[in-house]
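Inside the fold
The primary structure of each chain is shown beneath.
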Amino acid sequence: MAIIHHTTLKPTKLDLLTAWLPTRPWYTGTGTPELTKAGGFRLDDPEGEVGIEFMVAVDSSGPEPVAYLAPLTYRAAPLPGADHALVGTMEHGVLGPRWAYDGIHDPVLRTELLALFEGRAQAQAQSLTDTPDHEVTHTYTGPALATGPGEVTEDQDGTELALPDGTVLRVHRRPRPTAPEGANGHVFGAWDAPDGTRTRAAFATLHTS
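Residues numbered from 1 in each chain as written. Predicted model: local features only at pLDDT ≥ 70, side-chain atom pairs only at ≥ 80, totals over all residues. Heavy atoms only, no water.

Turning next to the pattern of salt bridges. Under the defined criterion, the tally for this structure stands at eleven salt bridges. The partner of Lys13 in a salt bridge is Glu53, with the nearest N and O atoms 2.8 Å apart. Here the residue Lys13 occupies a position in helix α1 (residues 13-20), and Glu53 occupies one in strand β3 (residues 51-59), the gap between them amounting to 40 residues. Taken as a pair, Lys13 and Glu53 share a single burial class, namely buried. Two residues, Glu53 and Arg42, come together in a salt bridge whose shortest N-O distance is 3.6 Å. On the criterion of sequence distance, the pair formed by Glu53 in strand β3 and Arg42 in strand β2 (residues 35-43) is long-range, its members being eleven residues apart. Like Glu53, the residue Arg42 is buried in the burial classification. A single salt-bridge network, built from bridges that share partners, covers Lys13, Lys37, Arg42 and Glu53. (Salt bridge = Lys/Arg side-chain N within 4 Å of Asp/Glu carboxyl O. Helix = DSSP H or I, 4+ residues; strand = E, 2+ residues; numbered from the N terminus. Buried < 20%, exposed > 50% of the residue type's maximum accessible area, 1.4 Å probe, protein only.)

See below:
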């Protein structure tokens, strides 16, 4: 069970994302993002070592606000071989130095996200300790999912992870209101839109061969 500490972070998560998002091929803005944390959820690391968060940040710098999904992991030490996936480092008021990673490259997040698809993991509230998030829904129809190393690719539409058994996990960096055609698994989440409405969309989908 992850314990949520209400304390300071320097720099903040949004500070890190403000610098990182424009380096991504799926970022549609043309300048510096103006970000607001709008929602998301967490997953627990069974070992209690890695923080796992799926954050929705809304960018209001353009003509229309755009919601981006950032799956993040937080570690007390660098993740070997993952320098390319480092979003940044922070000083946590309770836990000390933390390394924040683009979570699709982190094996702990990948394992727990696949467990969520299969119903073996429970989504947790983003800012409350030991509180399930029942707005997060999941479905999956297919054989047991294989965990292990996978190839990550990014393009203008988002991020894909090719799993060892041929399954493709798609992370929708700009969450879409419906699961794409052909998906046999999905995770839906929610966030607050700038107009105050509650928005739901597909955060991730699975496509098996």
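After presenting the structure, the write-up continues.
In this section: helix α2 (residues 107-117). With nine of eleven residues buried, α2 is to be regarded as a mostly interior element. All of the buried residues along α2 are Val108, Leu109, Arg110, Glu112, Leu113, Leu114, Ala115, Leu116 and Phe117. Where α2 starts, the residue carrying a side-chain oxygen 3.0 Å from the main-chain nitrogen of Val108 turns out to be Asp106. Positive phi shows up at Gly119, right after α2, with a value of about 80 degrees. (Polar contact = N/O pair within 3.5 Å; in protein donor to acceptor, adjacent residues only side chain to side chain.)

Moving on: the pairing of strand β10 (residues 168-176). In terms of strand pairing, strand β9 (residues 158-162) meets β10 through four bridges, oriented antiparallel. Bridging across to β10, Leu161 finds its partner in Leu169. Counted between consecutive antiparallel strands, the loop separating β9 from β10 contains five residues, among which Gly166 sits at a positive phi close to 95 degrees. Summarising the sheet, β10 and strand β12 (residues 198-207) pair through five bridges and their orientation is antiparallel. Paired with Leu169 across the strands is Leu206, a residue of β12. (Pairing = 2+ DSSP bridges.)

Take the layout of surface pockets next. The space that makes up the second largest pocket amounts to roughly 270 Å³. Looking at the second largest pocket, it is lined by 15 residues, and the ones nearest its centre are Asp157, Gly158, Arg170, His172 and Arg176. Elements that contribute at least two residues to the lining of the second largest pocket include exactly β8 (151-155), β9 and β10. Examining the composition of the lining of the second largest pocket, we find that seven residues originate from one element, β10, more than from any other. Its residues placed into classes, the lining of the second largest pocket shows three nonpolar, four polar and eight charged. (1 Å grid on protein atoms, 1.4 Å probe; cavity = no way out; pocket = protein on both sides within 12 Å on 5 of 7 lines; lining within 4 Å. Points joined across faces, edges and corners; volume = space filled by probe spheres on them. Nonpolar A, V, L, I, M, F, W, Y, C, P; charged D, E, K, R; others polar.)

The next subject is the packing of aromatic side chains. Under the definition given, this model contains six aromatic pairs. The interplanar angle of 40 degrees and the centroid separation of 6.1 Å between the aromatic rings of Trp26 and Tyr68 together place this pair among those described as tilted. Here Trp26, found in the loop between α1 and β2, pairs with Tyr68, found in strand β4 (residues 66-75); they are 42 residues apart in sequence, far enough to count as distant. Judged on exposure class, the residue Trp26 and its partner Tyr68 are both buried. (Phe/Tyr/Trp six-rings, centres within 6.5 Å; stacked < 30°, edge-to-face > 60°.)

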